[in-house]
Each structure stands twice: as structure tokens, then as C-alpha cells.
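# Architecture at a glance
Each chain, letter by letter, is given below.
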Amino acid sequence: MVAPLRTGLQLLLGNAPCDLVGFSFGGMTAGLLLAAHPELAERLVLVGAPAMGVVPNRQFELKAWRHLTDLDEQLAIHRYNLGVLMLHDKRLIDGLALQTHVANVVRDRMPRRRLAHTDILARALPQVACPVHAIYGEHDALYKSWIHQLEAAFAATAPDFRGMHLVPHAGHWVQFEQPECALMCVPRRCPRTSKSACCACATPASHKMAWWSSRPSNTAARSKTAPTHWIG
């Protein structure tokens, strides 16, 4: 996973470092990338990232759908899986969320994602040299009652951990359920020596940063400083 990501970033940016935002499995992958190639980013923002080693076992079970030939039966499973893993507010399942989810899962080449249920990100973070920020929905299904152990886990593993923000009324897909709040939680660009908490109240709504993803958000404005790339 690391080699093609490195190649893709270099094709886009050459040798210029960027601000890297990784969602879910993409956050884990971004951590692995920067552990191996720390020169590629000036900041890492992890959104709903798994593999921090704080949960004793898998917190959810998804239903299989690839064996089904009836499209309505497939959609019923997709709705169920969205509600179990991705969204806290079940009213958001139909419409754009369902359309985007289906478009993604049919192209998924790693459907089991066993690495997400390990501590591989926690083991990689000690090699990440840049500032690390974390954003999670307070109802993230990956962690559930273990969500409050995450901040200590990040502080113990990331050498330059700058803080974690829990977004209220949001599940795993935090940037879909609460896009404005999630965007405000992305920290402002500041000197590397300045320790600033990742807190919505500390970041003005006028702050703009690109959130590039296969999943929708309400913002696509670019930062005027280092480019921001989203892995998700």
C-alpha cells in the first residue's frame, strides 16, 4: 500500500511536502506511509483511523453482499452496513450516503481489511516525525465505549501529537455527518514548535483546507500554504 501512495504523491507534488489527511483505513495507510517516508508531509490529520490497539475485539459485524444477485437485496445489506459502521444518524443512510457507499464498495479490492483490527498504526506512529492531529466522531463504531482511550494512545505513540477532537452527534463517517464541524476541527497552520489543541472553538470558520476524498464533504477549498491531500 505504501509504495503506490508514495509514487502518486510524488507524481502530484514532486518532492514538495503536503498536509496529509487520512480517513478510516486511509488514515492507517497514511500513518504507515509517513513512518516509512516522513519527508512527504508537514502534518498528518487522522480522521476515524483504526488500528490503535485500544479495543479488545471487533466492535461490529458487517453483512456480506457480494454473493447476492438481486439488487434490492444488495441495497438492503448496504443500508444495514452503513448503519452498523459508518453513520450514527440513521436518517442519513438513504440518498447521497447510500449512493456514495455503493459506488465505493463495488470497487473495493480489500474487503476484509484485517489490518484495521490490529495495532499496526500505533506501532507505526513512533516513526512519524511531523505533527499528528486526530479527529473522531464521538459515536465511532470502531471504538464505541473505548473511544475515550484513544487520546492517551496517540499521546503515547506519536512523538509530536497535537491533540484529538471528538465531534458530537457523529459516527465513523464524521465528515459526512458533521462536515462543517469536522472541517473546523482541522487545525490551523501554525509553527511546528507551537502546541495547539485540535479544537473547533480555536479554529475560525473562515479557515479553508481541501478535503479530497471519494466520499463527499461540503468543502473543496484549497489552503494557501502547503497543499492538502486526503487518503480515504
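Residues numbered from 1 in each chain as written. Predicted model: local features only at pLDDT ≥ 70, side-chain atom pairs only at ≥ 80, totals over all residues. Heavy atoms only, no water.

### A short note on the layout of surface pockets
In this structure, the second largest pocket occupies an estimated 180 Å³ of space. Around the second largest pocket, the lining is made up of 16 residues, and of these Val55, Ala116, His117, Thr118 and Leu142 lie nearest the centre. (1 Å grid on protein atoms, 1.4 Å probe; cavity = no way out; pocket = protein on both sides within 12 Å on 5 of 7 lines; lining within 4 Å. Points joined across faces, edges and corners; volume = space filled by probe spheres on them.)

### Things to note about the pattern of salt bridges
By the definition in use, this model includes 6 salt bridges. A salt bridge links Arg58 to Glu61, with the nearest nitrogen and oxygen atoms 3.9 Å apart. Overall, the relative accessible area of 40% leaves Arg58 in the partly exposed class. Judged by relative accessible area, Glu61 falls into the exposed class, the value being 53%. Residues Arg162 and Asp160 are paired through a salt bridge, measuring 2.7 Å at the closest nitrogen-oxygen approach. The same class applies to Arg162 and to Asp160, which are both buried. (Salt bridge = Lys/Arg side-chain N within 4 Å of Asp/Glu carboxyl O. Buried < 20%, exposed > 50% of the residue type's maximum accessible area, 1.4 Å probe, protein only.)

### Some words on the packing of helix H1 (residues 2-13) against helix H2 (residues 25-36)
Two elements in contact, H1 and H2, have axes whose closest approach is 10 Å; the angle formed by their N-to-C orientations is 80°. If you check the angle between H1 and H2, you find them roughly perpendicular. Each of Val2, Leu5, Arg6 and Leu9 in H1 lies in contact with H2, whose residues at this interface are Thr29, Leu32, Leu33 and Ala36. Looking at side-chain class alone, the contact of H1 with H2 contains 6 nonpolar, 1 polar and 1 charged residues. (Axes fitted to C-alpha atoms, helices over the stretch in contact; angles between N-to-C directions. Helix = DSSP H or I, 4+ residues; strand = E, 2+ residues; numbered from the N terminus. Parallel < 35°, antiparallel > 145°, perpendicular 65-115°, else oblique. Contact = heavy atoms within 4.5 Å. Nonpolar A, V, L, I, M, F, W, Y, C, P; charged D, E, K, R; others polar.)

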